[in-house]
Every structure is written in structure tokens, then in C-alpha cells.
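What follows is each chain in one-letter form.
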Amino acid sequence: MAGAPSVPGPAPLKDSALFKPLKLGRLELDHRVCQAPLTRMRARKESDGIFVPCDLNVEYYKQRANRGGFQLTEATDICHYAGGYPGVPGIFSPSQISGWKKVTDAVHSKGGFIFCQIWHTGRASPTSFRNGQQPTSSSNIPITGKALDGTEYSNNPPRPMTIDEIHSTTKEFAAAAKRALEAGFDGVEIHGANGYLIDQFLHDNVNRRTDSYGGFVENRCRFPLEVIKATCEAIGSDRVGIRLSPYNYFQDTKDSNPNKHWAYLCAQIASLPETQRPAYVHMVEPRFDEVLDEQAKMDALAAYTSPESGVEAEATVKNPNSLVPFRRILARGGVKFLAAGGFNRDNAALKVETDDADAIIFGRWYLANPDLPKRLREGLPLNQYDRSTFYGANPPEKGYTDYPFFEPQPIVNGA
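What you are looking at is a predicted structure, and each value in this text was computed from that prediction instead of being measured. (Residues numbered from 1 in each chain as written. Predicted model: local features only at pLDDT ≥ 70, side-chain atom pairs only at ≥ 80, totals over all residues. Heavy atoms only, no water.)

Chemist: Would you take a moment to explain the packing of helix 7 (residues 258-270) against helix 10 (residues 324-331) for this structure?
Modeler: The description of two packed helices rests on the angle between their axes and on the distance between the axes. Where helix 7 contacts helix 10, the axes come no closer than 8 Å and their chain directions differ by 20°. One way to sum up the angle between helix 7 and helix 10 is to call them roughly parallel. Handedness of the helix 7/helix 10 crossing: right-handed. Here Pro258, Asn259, Trp262, Ala263, Cys266, Ala267, Ile269 and Ala270 of helix 7 come into contact with helix 10, specifically with Phe326, Ile329 and Leu330. (Axes fitted to C-alpha atoms, helices over the stretch in contact; angles between N-to-C directions. Helix = DSSP H or I, 4+ residues; strand = E, 2+ residues; numbered from the N terminus. Parallel < 35°, antiparallel > 145°, perpendicular 65-115°, else oblique. Left-handed = near helix turned anticlockwise from the far one by under 90°. Contact = heavy atoms within 4.5 Å.)

Chemist: Can you walk me through helix 7 in this structure?
Modeler: Structurally, the α-helix is built with 3.6 residues per turn, so residues lying three or four positions apart point the same way. Its 13 residues give helix 7 an end-to-end C-alpha distance of 18 Å, which sits within 8% of 18 Å, the value for a rise of 1.5 Å per residue. Along helix 7, the positions that sit buried rather than exposed are Pro258, Asn259, His261, Trp262, Ala263, Leu265, Cys266, Ile269 and Ala270. Close packing links the buried residues of helix 7 with helix 4 (197-202), helix 5 (217-220), helix 6 (222-235), strand 12 (240-244), strand 13 (280-284) and helix 10. (Expected span 1.5 Å × (residues − 1). Buried < 20%, exposed > 50% of the residue type's maximum accessible area, 1.4 Å probe, protein only.)

Chemist: What is the right way to look at the environment of Trp262 in this model?
Modeler: Its location among the elements puts Trp262 in helix 7. Overall, Trp262 belongs to the buried group, its relative accessible area being 1%. Non-local contacts of Trp262, meaning those with residues more than four positions away in its chain, are made with Asp199, Leu202, His203, Leu244, Pro246, Asp255, Met283 and Phe326.

Chemist: What exactly am I supposed to notice about the packing of aromatic side chains here?
Modeler: To describe a pair of aromatic rings, you give the distance between the ring centres and the angle between the ring planes. In this structure the tally under the stated criterion is 16 aromatic pairs. For the pair Tyr60 and Tyr400, a centre-to-centre distance of 4.1 Å together with 5° between the ring planes defines the contact as stacked. Taken together, the residues Tyr60 in helix 1 (residues 55-64) and Tyr400 in the segment after helix 13 (372-378) connect sequence positions 340 residues apart. Side by side, Tyr60 and Tyr400 carry an identical accessibility label, which is buried. With a centroid separation of 6.5 Å and 70° between ring planes, the pair formed by Tyr196 and Phe250 is classed as edge-to-face. Of this pair, Tyr196 sits in the loop between strand 11 (187-192) and helix 4 while Phe250 sits in the loop between strand 12 and helix 7; the two residues are 54 residues apart in sequence, bridging distant segments of the chain. When its relative accessible area of 7% is taken as the criterion, Tyr196 is described as buried. Aromatic ring contacts, followed pair by pair, group Tyr60, Tyr61, Trp100, Phe185 and Tyr400 into a single cluster. One cation-aromatic arrangement involves Arg222 over Tyr213; the distance from NZ or CZ to the ring centre is 5.9 Å. Cation over ring: Lys254 sits above Tyr249, and NZ or CZ is 5.3 Å from the ring centre. (Phe/Tyr/Trp six-rings, centres within 6.5 Å; stacked < 30°, edge-to-face > 60°. Lys NZ or Arg CZ within 6 Å of the ring centre and 35° of its normal.)

Chemist: Explanation requested: unusual backbone geometry in the structure shown.
Modeler: Keep in mind that most residues, glycine aside, have a negative phi and that most peptide bonds are trans. In this structure, Pro395 follows Asn394 across a cis peptide bond, with omega equal to 0°. Position of Pro395 among the secondary structure elements: in the segment after helix 13. A positive phi angle is found at Asp252, which is not glycine, with a value near 65°. Checked against the element boundaries, Asp252 lands in the loop between strand 12 and helix 7.

Chemist: How should I be thinking about the pattern of salt bridges in this particular structure?
Modeler: As a working rule, side chains carrying opposite charge can pair if their charged atoms are close by. Tallying each qualifying case throughout the model produces 13 salt bridges. For Lys23, the salt bridge goes to Glu28, with nearest N and O atoms at 3.5 Å. Classification of Lys23 by relative accessible area gives partly exposed; the value is 44%. Exposure remark for Glu28: the relative accessible area of 48% places this residue in the partly exposed category. Note that Lys351 and Glu285 form a salt bridge whose closest N and O atoms lie 2.7 Å from each other. Placement of the pair is Lys351 in helix 11 (residues 348-353) and Glu285 in the loop between strand 13 and helix 8 (294-302), with a sequence separation of 66 residues. Accessibility classification places Lys351 together with Glu285 in one group, the buried group. Each of Arg327, Asp355 and Asp358 takes part in a single network of salt bridges with overlapping partners. (Salt bridge = Lys/Arg side-chain N within 4 Å of Asp/Glu carboxyl O.)

Set out below in C-alpha cells:
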């Protein structure tokens, strides 16, 4: 007697645009399924404010490495007390550089490429994580609610950075990029998104400065552009990318006109000299939110935003909030575009096939499927992710290095 008919599985994506090669800066990628920069909080504490990549981190990144693939690390502190979370590694001490070198060696041993995402958290860092120092930001406006250490952000509001501090922090980004190359990274991604320091200068509800780094959008973009230029000059523009999130609400960021303001920033990036122009911009889709569901987020944005006029806006007239106009602006300068936020096997390939992105950043699905490119290419089922283990677990391996690779199940014939 024949067995029951098999249920068709997911369609293989091997012939889709996701599996076409891509030149990204100096890298030659075999495919366009990229690993997101995911904070996992599992680095080893060495001393106050210094967390070091350990063997567990090596295993995590090695598991997800693949030939011609592109990975981004978790956000990494550019200097001591730049971070706002325990278990987050840095790239400023000799021990951290040595720890990351083991990671990059492991990734390269499998033929993969990896960039280090570098950040400063600004006002998102409580004093307990900064040796008692007052956090700094574009302005003195605190985040609402509690920090990870349980304290109220409002009890320790940030101090506006002086111009000298802005300049010194720009140099810290460039120096961190140099150390990343020393650690064997193929390049760096500047974290200019999600409500952290650079993003705190971009959003007009956070940046209330009245000097040359605040007020008009031209001034609010000054610090991010200076960081881009300094980092590109430090290690080569073909080794640099930046992450941006125009529609972000995380950590009380809510710009009054994201379409206009980030269009300006993208135009500035696209017009930079080649030696200062990053290889790519990585942006977060407007639908993505840490709290709201997709429809609620899009409705919230629609209540106060409007599309910019011009050719780039025509394609998105039905939905004024879209990454497509930014992609078109950046394309004028030959800047590649990576899209993140809510992508899965059903919608990722179309984003590339319609030329709305050059590559797709996967977070939760890559976290749970160390062999994600293979599973998408061959139409294999996916492991489900466990949210409770995203930001640490006991033991730390749980939800980190214990997600299984795909293994074919033996076929059992009916009697």
C-alpha cells in the first residue's frame, strides 16, 4: 500500500534574485541573504565596561558563516563606556581585538565575509554602565521609562555633547574602524539607527541644539556625515557601510518629516567624493517596530507623514512611507542598498527582483537557522525562533548556538 501523498514544501529560491552574485564594495558576494547585526549580550565580562568576545561567540558566527555570504556583527562599542548593555563586546581593548580575531578567522575559514557594526549608545546608556558618568547626547532630553539596570532615564538625563566631544567621538569611530581591520574584519558598518547616538542627532524630536549640529536638517546631518567621511578615510570607503532607520520609534525617536529629512541625508551621501562615500546604506523598513504590529506602525506613520515630490516618490504614491525613494537617491552615487525589517522567504526575493534593494538583511530567521541561505535556496523548512533567548539565556548557549542545521529525515514507506 502506498504511503500518504506528501505535502508540497516551500518553493526553492535558488533561481531567484536572492542567489545572484553581488559586488559590495571590495567584496564579491555569492548571494544576497545577509545576517543582521543582532545584539545577543553573550560576550564575557573582563572588567567594568569591558566585554570580550569568547569561544561561544566564535561558534555562533562560525555556524552562520557560508561561502560568499555576508555577516554583520552585533553592535560593538567604539570606546570604553560607549555601550548601554551588559554582555555587549567592544573593539577598543587588546583582548577584544584578539577575541574578534578568532571570530573573523572562523568566518573566513568557511569562505564568508564579515563587517563589524560599530556604535555609541549616547543617551541610551545609564550611569551604572558608564562608571557613574552622565550620558551624553545631542540634547538634554532623556528617554522615557526605565533603563536596563532598572533606573529611570529621567533621573539621569543626558548632557548635550560639546563640539569638541563631537569631534573626538568622530575620531573614535575612525579609530575603531582601524582596530576592526586589525581584528581581521572585512570592514565596518556605522550604527546610525535605532535611537543610538548618531540617530539622536538626526531625529528632530531629540536634537534640540541651536548650534551648527542642530536645528535645520543640514546641521542635524553634520555629525553623521562627518563620521562617515572620517571612517571612510581611515580604512577605505569600499570597506564602510552605515545603518539608518528614518521611520524608527525605538527609544523615543520620532522625526517630524522622515521622508524629507532622510532624502536630504541620502542625497548628501550619494554626492560625497568616492573616497568618502560608503559602499552601502542599510535601512530598516517602515513596517518594522519593536512594539507595534505592521499595520499599526504604518497607520501611525501615515497620520503625520507625506511623500516627497519628485520622480522617486511616484512609485510609492499609494504608500508615502517607503524605502524606495531613498534607494533611488543613493543609486545615483552608486551606493548599494541593503533592506531589513520583516523579511521572510515569501517577500525577500521580490524586493531584490524589483530593484528596490541589492540585498536583504535577515535577523530573527538567521538567528534561528544557522544554515538560512541553504534552507532558502533549497526550499527547506525553517526552525522557529525563541524570543525569550534573544538577549541572553541560562545557559548562554540556549537560543544561541543550539539551533539545529537542517538534516533530511528518513523516508518511511507505508506498509
